[in-house]
Amino acid sequence: MHPTPFTSIRSTRATIDELCSAKAAAMAVAAKGEEMTPEHEEEVIIVGAGQSGLAAAACLSVRGVASCLVLERDDCVASLWRHRAYDRLRLHLPKRHCALPRAPHAAAAPDYLPRDDFAAYLDAYASRFGVRTRLRREVRSARHDAARARWLVDAVDLATGKAERYAARHLVAAAGENDERVVPEVPGMDTFPGKVVHSADYRSAGAFKGRSVLVVGCGNSGFEIAYDLAAGGAAAVSIAVRGEVHLVSREVWSVGMALQRYLPTWAVDKVVLLMCAVVFGGDTARYGLRRPAVGPFAMKMTTPAYPVFDVGTFAKIRSGEIRVVPAGIKSVRGGDVEFADGRRHAFDAIVFATGYRSTTKQWLKSDDGLIGDDGMAGRSYPNHWKGENGLYCAGMVRRGIYGSGEDAELIADDISKQMKRRSSEPVHNGHISNGSP
């Protein structure tokens, strides 16, 4: 049977589009002096081998989707927990809320898992579900080729410098929000003579013993590092708290999570704030820790902000071992730091606990609204995880480990259903009858 003229034209146009795409990619590679390896095709490509990427791959595996590959820039899975987490870090929620799909934590495991235990859990998780990874692959670009109905993912093997091209019917963005460290530009910082690190490089207080240290940032990392420094022998510890913060205890937050099943969010917030007032002895604002007008659970649901879990920091603030400076840094002159409220203090070291940002928007070439300008999910929960043309995102809506698992199940279920539907469609002369690729 001969193709119709329309089919021939469409086929020729698709061929031309493919050749142009391939030529453009080859020219870009040549311009960078990189060698391009042959194209590698999979049903699903996942970008990021953190908890979200591993969960998505595992859920696809149990549904029989074997053609799934995870690309990871770092040299291991769960690199956040191995390479960018301080020694004393523990999960803030009980282990029952921190398990990935189909793999509960062992009964003997601590209720609040330490960093190394959770990293080992993720290793075992990847092994258990046969997650296929290619490490040291930095994704530079991912775009949808309509002619082929495939996502074309360009990456570089950081070990060899070779450029690689991957093609997949489905693409899952799972690089998360903790990808690129954020360090504010402070006038005069280049004159500071002491040690300056981002929290990603902080491990313990050992390197800061006997020093006066400023911690910049009032998130969980900032508060925990300030505590670690004060308990670990720093001569003096200050923490710059520019904004408002909800300080909670792990126990109070667990009660709030249980109440969410029975009460509206506003009522849960009232109970949680009442319990916090009891635990912290009244209003924390008198210690420089002003609470937002929005309750902690409502804030977590509607903004990127997280509550801060107290690990002993507040007791040291109350005792004077940790000084709160309720303002951001304005400038630095030598060892002196000037704050926005006019105060000046001298320090020997500065730790920037100023967080991270997502880089997904830098490499993902898509305008369907799935990913917002900040690199995170552009749509609100629960409609955040699926885009157009086989594009998905996992763990990009700030719902923690549990949210990563929930996204993974939804994505895997959707992809497996599409694959089953395609396999059941009748085929004529090597083409699916409805013209789908």
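Residues numbered from 1 in each chain as written. Predicted model: local features only at pLDDT ≥ 70, side-chain atom pairs only at ≥ 80, totals over all residues. Heavy atoms only, no water.

Our next topic: the nonpolar core. Core analysis: the largest hydrophobic core is formed by 78 residues, its most contacted members being Ile46, Tyr125, Leu229 and Leu289. The biggest single contributor to this core is helix α2 (residues 51–62), with seven residues. Looking at this core, you find at least three residues from each of domain 1 (40–179 + 358–423) and domain 2 (182–355). Here Leu289 is in contact with Phe223, Val241, Val245, Leu247, Thr284, Phe314, Ile317 and Val324, once residues within four sequence places are set aside. Residues Val47, Tyr166, Leu364 and Ile371 belong to the second largest nonpolar core, which totals 23 residues. (Core = buried A, V, L, I, M, F, W, Y, C linked by side-chain atoms within 4.5 Å. Buried < 20%, exposed > 50% of the residue type's maximum accessible area, 1.4 Å probe, protein only. Helix = DSSP H or I, 4+ residues; strand = E, 2+ residues; numbered from the N terminus. Domains from an automatic or database assignment. Contact = heavy atoms within 4.5 Å.)

Take the sheet that holds strand β9 (residues 212–216) next. With respect to topology, five strands assemble into an open sheet ordered β8-β17-β9-β10-β13, the strand pairing being parallel. The sheet is open, and its two edges are formed by β8 (195–198) and β13 (322–325), each paired on a single side. Mean inter-strand twist for the sheet, computed between neighbouring axes without regard to direction, equals 20°. Two elements, β8 and strand β17 (residues 349–352), share four bridges in a ladder whose sense is parallel. Across the sheet, Val196 pairs through a bridge with Ile350, a residue of β17. Contacts between helix α5 (residues 220–231) and the sheet are confined to β9, β10 (236–240), β13 and β17, with β10 contributing the most and set at about 170° to the helix. (Pairing = 2+ DSSP bridges. Axes fitted to C-alpha atoms, helices over the stretch in contact; angles between N-to-C directions.)

Here we come to the packing of helix α6 (residues 250–259) against helix α7 (residues 265–279). Packing of α6 against α7 brings their axes to within 10 Å, and their N-to-C directions diverge by 165°. With respect to their mutual orientation, α6 and α7 come out roughly antiparallel. Handedness of the α6/α7 crossing: right-handed. Touching Val252, Val255, Gly256 and Leu259 of α6 are Val268, Val271, Val272, Met275, Cys276 and Val279, all from α7. Here the contact of α6 with α7 is built from residues that sort into nine nonpolar, one polar and no charged. (Parallel < 35°, antiparallel > 145°, perpendicular 65-115°, else oblique. Left-handed = near helix turned anticlockwise from the far one by under 90°. Nonpolar A, V, L, I, M, F, W, Y, C, P; charged D, E, K, R; others polar.)

Another aspect to go through is the side chain of His384. Here His384 lies in the loop between β19 (364–365) and β20 (391–393). Owing to a relative accessible area of 0%, His384 belongs among the buried residues under this scheme. In this structure the side chain of His384 is engaged in a polar contact, spanning 2.8 Å, whose partner is the side chain of Asp407. Apart from residues lying up to four places away in sequence, His384 is in contact with Leu370, Ala377, Arg379, Cys393, Val397 and Asp407. (Polar contact = N/O pair within 3.5 Å; in protein donor to acceptor, adjacent residues only side chain to side chain.)

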